[in-house]
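Structure at a glance
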Amino acid sequence: MHESGSRHGRRSAAWLAATALALGAAGCGPQGGQELQPSGAAQNGAATAELMKQRGLTESDVVAALKTYTPTGVHDPYYIFASGGHSGQVIVIGLPSMRILKVIAVFTPEPWQGYGYGDQTEAMIGSSDQENGIPLRWADVHHPALSELAGDYDGKFLFVNDKANARLAVIDLEDFTTIQIVRGGLIKSDHGATFVTPNTEYVIETSQYAAPLGGTYVPIEQYNEKYRGATILWKFDREKRRLVKEESFAIELPPYGQDLADAGKLASDGFFFINSFNTERAWGGSSEGNPPLESGASQNDMDFLHVIDWKKAEQVVAAGKTETIAGMRVIPLETAVAEGILHLIPEPKSPHGVDVAPNGRDIVVAGKLDTHATVYTIEKIQAAIAAKKYAGKDDYGVPILPFEDTIRGQVEIGLGPLHTQYDDKGNAYTSIFLESAVAKWNLADLKLISKIPVHYNVGHITTPEGDTVSPDGGYLVAMNKWAIDRFQDVGPLLPQNFQLIDTTSEPMQLLYDLPIPNGEPHYSQTIKADKVKAISVYSPIGTDPATRSVSPNAVEAGKERIERRADGVHVFMTAVRSHFVPDVIRVREGDTVHIHLTNTEQAKDATHGFAIADFNVNVSIEPGEHSEITFVASKPGVFPLYCTEFCSALHLEMAGYLLVEPKS
Ligand code: CUA
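Definitions and cut-offs
- Residues numbered from 1 in each chain as written.
- Predicted model: local features only at pLDDT ≥ 70, side-chain atom pairs only at ≥ 80, totals over all residues.
- Heavy atoms only, no water.
- Pairing = 2+ DSSP bridges.
- Helix = DSSP H or I, 4+ residues; strand = E, 2+ residues; numbered from the N terminus.
- Axes fitted to C-alpha atoms, helices over the stretch in contact; angles between N-to-C directions.
- Core = buried A, V, L, I, M, F, W, Y, C linked by side-chain atoms within 4.5 Å.
- Buried < 20%, exposed > 50% of the residue type's maximum accessible area, 1.4 Å probe, protein only.
- Contact = heavy atoms within 4.5 Å.
- Phe/Tyr/Trp six-rings, centres within 6.5 Å; stacked < 30°, edge-to-face > 60°.

1. Observations concerning the sheet that holds strand β40 (residues 608–612)
Strand order across the open sheet formed by five strands is β38-β44-β43-β40-β41, with mixed pairing between neighbours. In the strand order of this sheet, the two ends are held by β38 (584–588) and β41 (617–621), each with one partner. Ignoring which end each strand starts from, the neighbouring axes of this sheet average 15 degrees apart. The pairing of strand β43 (residues 637–642) with strand β44 (residues 655–661) spans six bridges and is antiparallel.

Here is the structure:
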């Protein structure tokens, strides 16, 4: 229950009247200053106070509302691109309004967008099923990464990973659609993905659970000898908008649980960093006399931060010192050690986040079972590497740099620190899982400034431009795994909770709760809205979004037709408000039907749908888009076809028939 009651209500009346007067006098606010006389302002203040009283709102609530409320037609200054978790999709949210703007279909079918139903998007999802012929219809999306130039988001592309099936996807931010899904076949799960190097030369994908590379069977008793981790540097070709496997390579890693990763920038450009857990190499077997995996994996006080020199790795690949596994060039572990590509540094117990600061010099690591954020610096790391100053080697011969010689210091921040983001004032923000809080601390003097509770079990956090060389600050969104009592009950499975926080005030202020009905969202990145140059129609008419060029089967108005060919019936069809041409399709039972469908509109928002019952036909065609639909008319009958979007007053009339004549 709110305990605001009349106490806050009365105080608020005076406060709001004063605020309204101030606003009126300053000429601010939607009603303008000239018409709003002091008496009018006082009236408004009284009305607002009455409203606050009725709704049980405090002054702080009203301030929060004023900081987030976004009037109709006003756009947000930021986009949040959040992972959609098991939905296999990406959620686009406006900040600070926290309005959900879009779900980008990536790894899984999305009926409204017709994603996974037309030929092109079916092929997109299916492209990653080929490894063993079993269609994958879910994904575990973890970490979206925006493309960068010089360490700054450029607003062109978004990459995401599927932890469950070790896949990556490329999303084009011109039209917010998925344009490529890849599955390398080398590793079986990924978590340190996706992270980009400062000019998006590479998109990094690192395994999480060690397994034999390439997917072969090896008894688990040979875990130490035959199981391995790997980090893949996927080459990104901007012109082709493609990750190119032939130009990519991987580095074999010890069979630790490699976790999150981050690429260096500025001073640390050329390096990237990966956390690890389970350096104990436990593999479970709790009913076979072994400790359960989670306790076996939590014995050591320190795990290993992996420091990888990818520019050196590029030279080793160019020199041909690789072997090929699952069609991927791999630098063997011994080579990575011999060539000085891989070093380890102890890091406090079961770390989860590694986050390079905007200055590129500081590398912040938080250990889940520790109370500190640990700050390493690249200068100290490089000095130790150059001096070959080792604290020892691991069982695989990988040199271990001394902890004390590579850190600048530690900040005691609380129980269960996870992930760190940055602002424009030199502050760092770290999520604290066990405490359900976010800590603000100063990066220069390593001093804790304040903490704010969140609700509950926070995972990742995001700040505007928070992973770039020049973060904006101002806001922070805490991505909370549990909501418990924040929303009305909806059964045992609850929404998760994105909480918007104002970081400019001290103490920080919680502004807004956004329930997220797609679990479990992990990471998100937040970019200035004006960096994203989205198109509103496909032009020229007949563009295939997959290739971003005019389809050879694009249909011009007036040239619609039906042709019977050796491979079936070809229907060259257009959609425009409010009809399909042709609107009657006559085929025979058993015919393969190829519908080449072009939306010939160029008006913004003039989307049509195209659906036929019984044959699972459902596509969304945006203005100017061309779509291909293929199906077998396997049974006779009369099948209405219709537009699924309320596109005009005659939307219901935008319909027709598929007539399938019986064979006999
Ligand atoms: Cu087109 Cu409804």
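Structure's up, so let's keep going.
2. Section: the nonpolar core
Grouped together as the largest cluster of nonpolar side chains are 28 residues, with contacts concentrated most on Phe249, Ile251, Phe272, Ile308, Ile331, Ile341 and Leu342. Of all elements in the fold, only β9 (202–207), β11 (242–253), β12 (257–263), β13 (271–277), β14 (302–309), α7 (310–318), α8 (333–338) and β17 (342–348) reach the threshold of two or more residues within this core. With four residues, the single largest contributor to this core is α7. Apart from the residues lying within four places of it in its own chain, the contact partners of Ile251 are Gly229, Ala230, Thr231, Leu233, Ile308, Ala313, Ile331, Ala336 and Ile341. Within the second largest apolar cluster, 26 residues are counted, among which are Val571, Phe580, Leu597 and Cys643.

3. A closer look at the environment of Leu418
Here Leu418 lies in strand β24 (residues 417–422). On the basis of relative accessible area, Leu418 is assigned to the buried category, the value being 6%. Along the chain, Leu418 and Ala437 lie 19 residues apart, while their C-alpha atoms are 11 Å from each other. Ignoring sequence-local partners within four residues, the contact set of Leu418 consists of His352, Gly353, Ala366, Lys368, Thr430, Ser431, Phe433, Val458 and Gly459.

4. Quick look at helix α4 (residues 119–126)
Three or four residues apart is the spacing at which side chains of an α-helix point the same way, because the helix has 3.6 residues per turn. Restricting attention to buried positions, one finds in α4 the residues Gln120, Met124, Ile125 and Gly126. Buried residues along α4 sit in contact with β6 (167–172), β7 (177–183), β33 (543–544) and β42 (626–632).

5. As for the packing of aromatic side chains
In total, this model carries 14 aromatic pairs according to the counting rule given. Pairing Tyr79 with Phe81 gives two aromatic rings, centres 5.8 Å apart and planes at 25 degrees, and the pair type is stacked. Accessibility expressed as a relative area gives 17% for Tyr79, which makes it buried. Overall, Phe81 belongs to the buried group, its relative accessible area being 0%. Geometrically, the ring pair formed by Phe157 and Phe236 is edge-to-face, given 5.0 Å between the ring centres and 75 degrees between the ring planes. You can see Phe157 sitting in strand β5 (residues 152–162) and its partner Phe236 sitting in strand β10 (residues 229–237), a full 79 residues away along the chain. Residue class for Phe236 comes out buried when judged on its relative accessible area of 5%. One aromatic cluster is present, formed by Tyr79, Phe81 and Phe176 through successive ring pairs.

Keep in mind these numbers describe shape, not what the thing actually does.
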